[in-house]
Amino acid sequence: MNRMLAIIEREMRKFFRSPTLMIMSLMMPILQLVIMGNAFGGKIVGARVAVVDYDHGPEAVRLRESFDAIAANIKTFKTVEYNDEMQAREDVRTGRIDAAVVIPAQYSRRVYSQDAPQLGLVVDNSDQFTSGSLEAEMQSLVTALTTPVIQPRLANSIALEIVELYPYVNYMKFLLPLTIALAMYISVMIGGGMLYIDDKARGVHEGYLVTPITKFELVFGMNIAGSMKAVLAGISLTVIGSLMAGLGVIFHPEALAELICLIIVTSIAFNGMMFLMMVRVDDPLVPRAMFGVLNTLLLYPSGGMYPIKAFPRWLQAISIIDPFTYCVHGFKAILLKDGGFQAIQFDLWFLLIFGIGTLLIATPLFKRTL
Amino acid sequence: MAKAKNFPETQSGPRPAIAVEHAVKRYGDFEAVKDVSFSVAAGEIFGLLGPNGAGKSTLIRMMTTLIPITAGKAIIAGHDVAKEPDAVRRMIGVIPQALTSDPDLTVQENLSIYAKLYSVPKAQREKNIHEVLEAVDLLKWRDAQVKTLSGGMRRRVEIARGLVHNPSIFFLDEPTTGLDPVSRIAVWEMLNNLRTTRHLTMLLTTHYMEEADKLCDRIAIVDHGTLVALGTPIELKQSVPGANVVEVHFDRETPEWQARLEGLDGVTSVQAESAGFYRVLTSSGSATTMQLVELAASLGETLTSLSVQNTTLDDVFVHYTGRQLRDEQVKPPVFSMPPRPGARP
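What you are looking at is a predicted structure, and each value in this text was computed from that prediction instead of being measured.

### Considering the interface of chain A and chain B
Moving on, step 1. Listed by partner, the interface residues are 22 residues for chain A and 24 residues for chain B.
Moving on, step 2. Those elements that place two or more of their residues in the side of chain A that touches chain B are α1 (2–17) and α8 (204–209) of chain A.
Moving on, step 3. Broken down by element, the residue count for the side of chain A that touches chain B peaks at eight residues, all from α1 of chain A.
Moving on, step 4. Residue composition of the side of chain A that touches chain B, by class: eight nonpolar, six polar and eight charged.

### Considering the environment of Leu182 of chain A
Moving on, step 1. Residue position: Leu182 of chain A is located in helix α7 (residues 171–202).
Moving on, step 2. With residues near it in sequence (within four places) discarded, Leu182 of chain A still touches Pro29, Gln32 and Leu299 of chain A.

### Structural notes on helix α9 (residues 215–245) of chain A
Moving on, step 1. For α9 of chain A, with 31 residues, the first-to-last C-alpha span of 44 Å sits near the 45 Å given by 1.5 Å per residue.
Moving on, step 2. Positive phi shows up at Gly246 of chain A, right after α9 of chain A, with a value of about 80°.

### Here we look at the nonpolar core
Moving on, step 1. Ala181 of chain A together with Met63, Ile76, Ala160 and Phe171 of chain B are the most contacted members of the largest nonpolar core, which totals 142 residues.
Moving on, step 2. Residue contributions to this core peak at 17 residues, all from α7 of chain A.
Moving on, step 3. Beyond its immediate sequence surroundings of up to four residues, Ile76 of chain B is in contact with Ile18, Met63, Val81, Val88, Met91, Ile92 and Ile169 of chain B.
Moving on, step 4. With 20 residues, the next largest nonpolar core counts Val92, Ala99, Tyr107 and Val122 of chain A among its residues.

### Considering the sheet that holds strand β1 (residues 47–53) of chain A
Residue and element names in this part refer to chain A.
Moving on, step 1. Pairing within the open sheet is mixed, and its four strands lie in the order β2-β1-β3-β4. Each edge of the open sheet is held by one strand with a lone partner, namely β2 (77–82) and β4 (120–123). When strand polarity is set aside, the average angle formed by the axes of neighbouring strands in this sheet is 25°.
Moving on, step 2. Here five bridges tie β1 to strand β3 (residues 99–103), and the two strands are oriented parallel to one another. Within β3, the residue paired with Val52 across the bridge is Val102.
Moving on, step 3. Here helix α3 (residues 58–72) sits on the sheet and contacts β1, β2 and β3; the angle it forms with β2, its principal contact strand, is near 140°.

### Looking at the domain arrangement of chain A
Moving on, step 1. Along its sequence, chain A is carved into domain 1 (2–39 + 168–365) and domain 2 (44–143).
Moving on, step 2. Computed from C-alpha atoms alone, the centre-to-centre distance between domain 1 of chain A and domain 2 of chain A is 49 Å.

### So, unusual backbone geometry
All names here are of chain B.
Moving on, step 1. A positive phi is found at Ser119, a non-glycine position, where the angle reads about 55°.
Moving on, step 2. Turning to its location among the elements, Ser119 is positioned in the loop between α3 (107–117) and α4 (122–135).
Moving on, step 3. On the neighbour-count criterion, Ser119 (14 C-beta atoms within 10 Å) is partly exposed.
Moving on, step 4. Positive phi is not limited to glycine here, since His199 has a value of about 55°.
Moving on, step 5. Considering the arrangement of structural elements, one finds His199 in the loop between α6 (181–198) and β9 (201–206).
Moving on, step 6. Judged by C-beta crowding, with 10 C-beta atoms within 10 Å, His199 ranks as exposed.

### Quick look at the sheet that holds strand β6 (residues 79–80) of chain B
Residues and elements named next belong to chain B.
Moving on, step 1. Reading across from one edge, β3-β2-β5-β6 is the order of the four strands in this open sheet, with antiparallel pairing throughout. Edge positions in the open sheet fall to β3 (30–40) and β6, since each of these has one partner strand only.
Moving on, step 2. With five bridges connecting them, strand β2 (residues 18–27) and strand β5 (residues 71–76) associate as antiparallel partners. Within the sheet, the bridge partner assigned to Glu21 lies in β5 and is Lys73.
Moving on, step 3. Its contacts with the sheet place helix α1 (residues 56–63) against β2, β3 and β5, and it is angled at close to 115° to β2.

Calculation rules
Every chain is numbered on its own, with residues counted from 1 as its sequence reads. Chain letters and ligand numbers both follow the written order, the letters beginning at A and the numbers at 1. At least 70 in pLDDT is required for a residue's local features to be given in this predicted model, at least 80 for side-chain atom pairs to be given and counted, and no such filter applies to totals for whole chains, interfaces and linings, which use all residues. Two residues qualify as a contact pair if the distance between their C-beta atoms, derived from the backbone, is within 7 Å. Helix and strand definitions here come from DSSP, where helices need a minimum of 4 consecutive H or I residues and strands a minimum of 2 consecutive E residues; each element is numbered from the N-terminal end. Each residue is assigned to one class: nonpolar for Ala, Val, Leu, Ile, Met, Phe, Trp, Tyr, Cys and Pro, charged for Asp, Glu, Lys and Arg, and polar for all the others, Gly among them. Expected helix span is given by 1.5 Å per residue-to-residue step, counting one fewer step than there are residues. Joined through C-beta atoms within 7 Å, a set of buried Ala, Val, Leu, Ile, Met, Phe, Trp, Tyr and Cys residues constitutes a nonpolar core. Our exposure labels follow a C-beta count within 10 Å of each residue's own C-beta, placed from the backbone: buried means 20 or more other C-beta atoms, exposed means 12 or fewer, and partly exposed covers the counts in between. Only strands that DSSP links by at least two bridges are regarded as paired with each other. For helices, the fitted axis covers only the stretch in contact; all axes are lines through C-alpha atoms, and the angles between them, taken along N-to-C directions, range from 0 to 180 degrees. Domain start and stop positions are those given by an automatic or database domain assignment.

Right, here's the structure in full:
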């Protein structure tokens, strides 16, 4: 037991002696949270939309006034006058403008006679985000224009009342669970992967192997130390990230206890997984080469960015065994939904069993000799 | 068993501290250590001398439980390495070639962690650390981070680390490699002191002839995984025909010099080192020198340098392996440029 504690002591002393490493493993995910939270969470502003008006009737004028209202208020787009539809299409294609609205001749007459009036919208669908936003904006504008000014006393359409269970979740809040998981993964990758192999290559392990320390003490000493580093990274990121994203859940003792439990089992799971992958590796370049690929392989199928249900089946299969999935789900359940222990029960069990399982597989694979 | 020149054992006790019997290490088809046997008496400093890749480190790693022995056995302090590895580990201190101390930790912290790994009781730990730091003259550096120390001091930290649990047998794998001459001599002095004050048995590997000569009571010459000679430095030198070595450099190379030198009185062998440079083993250095000078004068040849030395371990190594130890230090190039098209071979 004392020998195991000696390994932990060495690892932790080393960790606290390398402030740069510590800061980098925390700062990088925070930086990612800030950049991605702001980059992905934003709305389209100031898009250039061409208006080709072949009608010039009262309804066309009403439509153009609505465009001006959008340009003056929410500023999603501003309009540019065009006379030629072909020129407008060409300019959308070459990127000089973002979209073009075509008001056909007889548009006003068709509106008044209720003769299936139509508007044309030319978009650059190679940019899904911009074209989607403009389409949505135009659709809501058209819906508003077609809604009768005086509502009928008896409504004949089905109305869908949407009830949002939680307060508005901006993208930074949405990304926080994934960012915490990423910080812990980076900590494990550096502390449990790269440093482990570097120590092996430098001969530090050779020093351990000539002492009477047992294989169990050595493996568990290194893994407990690795998990402790990941726990520190997880707690730090949870607190800093929650404050940055404006989540007050960390101030509730019960939620804090749930978060700590989740951070601990996630650390065990990540560390066990990393140790299993590195247990027979000797080349210091291997964990560095794996870092990016593993990051993609684990991060994206987790459902932290895109819903798992939108994935193809093979990617869904990866997400089932991916510890990131349960870690992200757990953090979402606590940070965004305040779901309590019941909501994270399965995540906790999965991560714990995954961590212990990978360690049990890795221990016999660990060589007590060079 | 490899045919090694053996000299009478100088062990004093009934049981050797280290006994290696027909040790073999194979990696697939490659035999790194070939049927090596030797023993080391308690309190002795024993050297394994050989070039890089000779199998010295493999031998030391087998004795220190770091790699399993393919065949044969090694008994360390009465314990079989294969059957009782933990008992062996408790009895030995090991300084591997690599620096195993953590550069981010202080000297004291490194030693404390290793004392814990050896289960040194808490009450004893501080005392041991103080004693070993005093022995290696690093007391005033105990709170310094290892990375701030010089190469020689770091090597002393390694030595202190290997001694922190009071082992009875000390293994050192090339303890002075990479050190400057002054630091090297300091390490030699320290090891000699430690042997005296702590009654340690030491086994060290080296490819420095001078180190083996100065430090070791007995030396085993290892080449290509085989033990080719074993004895005290004096015994090994005496086993080489010729008491002196005359090194002579002529200003120009002529093919006749080899035969002329071999014809001089008392000369036992002549080795051409480079153009015009010869090493002559002779039973009488002074007589051969006189003859050589006279011969050169009579032929009108000019000697650019001439030196007479006693036989060294270098000569012993040449005698037993047929080449110089330093030849082995020069590795062949990993990559050589292909000849240009049309170039002459």
